Amino acid sequence: MNRPQPKPFWISKHAVLEAWERVKANQGAAGIDAESIQDFERRLKDNLYRIWNRMSSGSYLPPPVRTVAIPKAGGGERKLGIPTVADRVAQMVVKRRLEPRLEPLFHADSYGYRLFKSAHEAVGRARQRCWRYDWVLDLDIKGFFDNIPHDLIMRAVRKHAPEKWVVLYIERWLKAPAQDEQGQQTPRDKGTPQGGVISPLLANLFLHYALDAWLARQHPNIPFERYADDAILHCRTREEAERLREAIIERLAECGLELNLQKTKIVYCKDEDRRGHHEHEKFTFLGYEFRPRRAKNYRGKYFISFLPAVSDKAAKKIRQEVKRWKLHLRSDKTITDLARMFNPIIRGWVQYYGHYYRSALHPIFRPLDRTLVRWACRKYKKLRGHQRRAAHWLRRLSVREPKLWAHWEIGVRGRVL
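Residues numbered from 1 in each chain as written. Predicted model: local features only at pLDDT ≥ 70, side-chain atom pairs only at ≥ 80, totals over all residues. Heavy atoms only, no water.

## Considerations on the overall build of the protein chain
Then step 1. Per the secondary structure count, the protein chain includes 14 helices and 11 strands.
Then step 2. Oriented by its inertia axes, the alpha-carbon framework of the protein chain measures out at about 85 × 60 × 40 Å.
Then step 3. Taken over 417 residues, the protein chain has a buried fraction of 48%.
Then step 4. Here the analysis covers contacts within the protein chain between residues at least 6 apart in sequence; of these, 67% occur between residues at least 24 apart.
Then step 5. When the accessible surface of the protein chain is split by element, carbon and sulfur atoms take 49% of a total near 22300 Å².
Then step 6. Of the charged side chains in the protein chain, 81 are positive and 47 negative; the average position of the first set lies 8 Å away from that of the second. (Helix = DSSP H or I, 4+ residues; strand = E, 2+ residues; numbered from the N terminus. Buried < 20%, exposed > 50% of the residue type's maximum accessible area, 1.4 Å probe, protein only. Contact = heavy atoms within 4.5 Å. Areas by Shrake-Rupley, 256 points an atom, 1.4 Å probe, with all protein chains shown as cover. Lys, Arg positive; Asp, Glu negative; His and termini not counted. Charge placed at Lys NZ, Arg CZ, Asp CG, Glu CD.)

The structure is reproduced here in structure tokens:
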């Protein structure tokens, strides 16, 4: 009897199964093969065995990555890469092997895509430092995910991955071609697809050496917060910020990257005690806009502080999304039905953008209540043509049942007309 030949690489079947469970929990769109999570699960045992067998034998070749153009808020497009479900499972196997080794290496002020780190933590730390430092250098790296040099990232991977199969497959994923909606493939000689399972970990590893460790070594007195490629640095004077900007331009050039000088800016953290006028007195970080805002101290006295709140861009997106719901036309539904349908989305907005300066959400959600007033006028005959009466009805309902709508729980009630 012929015994099966041992595999070149030892990868446990259990690791593949756990990777699948993570991918399933994250959901996501189908890749170039149009196979969804549900389709993959119908032949789960065969699909997982195929991945394990090919990865263990060294014969796994990642398919092209489906690219989708996503509009940017400031104009232009961002290319999002969508691997197949099977490829996401394979990437998750490698990520789970490499991530525990890299996590202790990363800087404490690197917050993006990390275990036990969050965007709220990054915003909170930035808020505290803006009170202590007068100036902020708001960095913008031009096309970061599309321009990571493969040779430099692979040098870092080899330093921390003793397993040959980890190095082999990461190199193959970096080189996997991109395929657009028309089926045309583009070879890739730099960058990592934004949307891949392994990409955020590789991005953090690259920027750890390109920026974080360099700052800690060359500029130890400059505190910073970085979330993926979004970073802000705190300086005591404008001159210090200008010198730091020039040094970072040189450092990124050494690493094959370029600073976007049109979007990179030096910001004055103006408040009650910081006088004068400067070109930039606000910046946006992780959907929060930092700028001078009214605050109240422990004695109840109002003053001006430099604080984060939901940004104008984020507020505009929320209003546009609410408008697309066309709630006023859904008169076939009860108000409880509507709340059940849309509360998960509203609650997500409240939980994220209401973490700091929650009162800034009040004017954002007032148009939603106005739409509910229009809905009530269409729904109930006694309210037709009587918007003021409908507004009183909605106000009484919000007081009686403040948990019916998620935005009512934060006090977004009162006048809606």
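## Quick word on the packing of helix H1 (residues 13-26) against helix H4 (residues 85-102)
Then step 1. Following both chains from N to C, one finds H1 and H4 inclined at 120°, their axes separated by 8 Å at the closest point. Remark: the crossing between H1 and H4 carries right-handed chirality. Where H1 abuts H4, its residues Ala15, Val16, Glu18, Ala19, Trp20, Arg22, Val23 and Asn26 lie against Val85, Arg88, Val89, Met92, Val93 and Arg96.
Then step 2. Of the residues in the contact of H1 with H4, the class split is nine nonpolar, one polar and four charged. (Axes fitted to C-alpha atoms, helices over the stretch in contact; angles between N-to-C directions. Left-handed = near helix turned anticlockwise from the far one by under 90°. Nonpolar A, V, L, I, M, F, W, Y, C, P; charged D, E, K, R; others polar.)

## Digging into the sheet that holds strand S1 (residues 65-71)
Then step 1. Read from one edge of the open sheet, four strands run S2-S1-S4-S5, paired in mixed fashion. Each end of this open sheet is capped by a strand with a single partner; those strands are strand S2 (77-82) and strand S5 (185-186).
Then step 2. Looking at chain direction, S1 and S2 are connected through six bridges and run antiparallel. Opposite Ala69, over in S2, you have Lys79 as the bridge partner. (Pairing = 2+ DSSP bridges.)

## Comments concerning empty space enclosed by the protein
Then step 1. Counting across every chain of the model gives two cavities of 30 Å³ or more.
Then step 2. Taken as a whole, the largest cavity holds about 70 Å³ of empty space.
Then step 3. Elements with a contribution of two residues or more to the lining of the largest cavity: helix H8 (164-175) and helix H9 (199-218).
Then step 4. Residue composition of the lining of the largest cavity, by class: seven nonpolar, four polar and no charged. (1 Å grid on protein atoms, 1.4 Å probe; cavity = no way out; pocket = protein on both sides within 12 Å on 5 of 7 lines; lining within 4 Å. Points joined across faces, edges and corners; volume = space filled by probe spheres on them.)

## Topic: the nonpolar core
Then step 1. If you look at the biggest cluster of nonpolar residues, it comprises 69 residues, and the most contacted ones within it are Met55 and Ile170.
Then step 2. Here the element with the most residues in this core is H9; it accounts for 10 residues.
Then step 3. Look past the residues within four positions of Ile170 in its chain and what remains in contact with it is Val94, Leu98, Met154, Val157 and Leu202.
Then step 4. Counting residues in each nonpolar core, the second largest holds 37 residues, with Trp325, Leu372, Val373 and Ile410 among its members. (Core = buried A, V, L, I, M, F, W, Y, C linked by side-chain atoms within 4.5 Å.)

## Points about helix H14 (residues 387-400)
Then step 1. Relative to the 20 Å expected for 14 residues at 1.5 Å per residue, H14 spans 20 Å between its end C-alpha atoms, a close match to the ideal helical length.
Then step 2. All of the buried residues in H14 are Ala390, Ala391, Trp393, Leu394, Leu397 and Ser398. The arc that holds every buried residue of H14, seen down its axis, measures 160°, which confines them to one face. Away from its buried face by more than 90 degrees, H14 exposes Arg388, Val399 and Arg400. (Expected span 1.5 Å × (residues − 1). Arc of directions from axis to C-beta.)

## A short note on the sheet that holds strand S11 (residues 302-310)
Then step 1. One open sheet accounts for three strands, arranged S9-S10-S11; its pairing is antiparallel. Both outer strands of the open sheet, strand S9 (283-285) and S11, are each paired with one neighbouring strand and no more. Sheet twist, expressed as the mean angle between neighbouring strand axes with direction ignored, is 50°.
Then step 2. When S9 meets strand S10 (residues 288-296), the two strands line up antiparallel, connected through three bridges.

## Observations regarding the packing of helix H11 (residues 312-325) against helix H12 (residues 335-353)
Then step 1. In the contact formed by H11 and H12, the axes pass within 12 Å of each other and the chain directions differ by 170°. Taken together, the axes of H11 and H12 lie roughly antiparallel to each other. Side by side, H11 and H12 meet where Ala314, Ile318, Glu321, Val322 and Trp325 of the first sit next to Phe342, Ile345, Ile346, Trp349 and Tyr353 of the second.
Then step 2. Of the residues in the contact of H11 with H12, the class split is nine nonpolar, no polar and one charged. (Parallel < 35°, antiparallel > 145°, perpendicular 65-115°, else oblique.)

## Structural notes on the side chain of Arg226
Then step 1. Within the secondary structure, Arg226 is located in strand S6 (residues 224-227).
Then step 2. Taking the relative accessible area as the measure of exposure, Arg226 reaches 1% and is therefore buried.
Then step 3. Within the structure, the side chain of Arg226 is placed 2.9 Å from the side chain of Ser110, a separation counted as a polar contact.
Then step 4. Beyond its immediate stretch of four places on either side in the chain, Arg226 contacts Asp109, Ser110, Tyr111, Gly112, Asn204, Leu207, His208, Leu211, Asp212 and Ala231. (Polar contact = N/O pair within 3.5 Å; in protein donor to acceptor, adjacent residues only side chain to side chain.)

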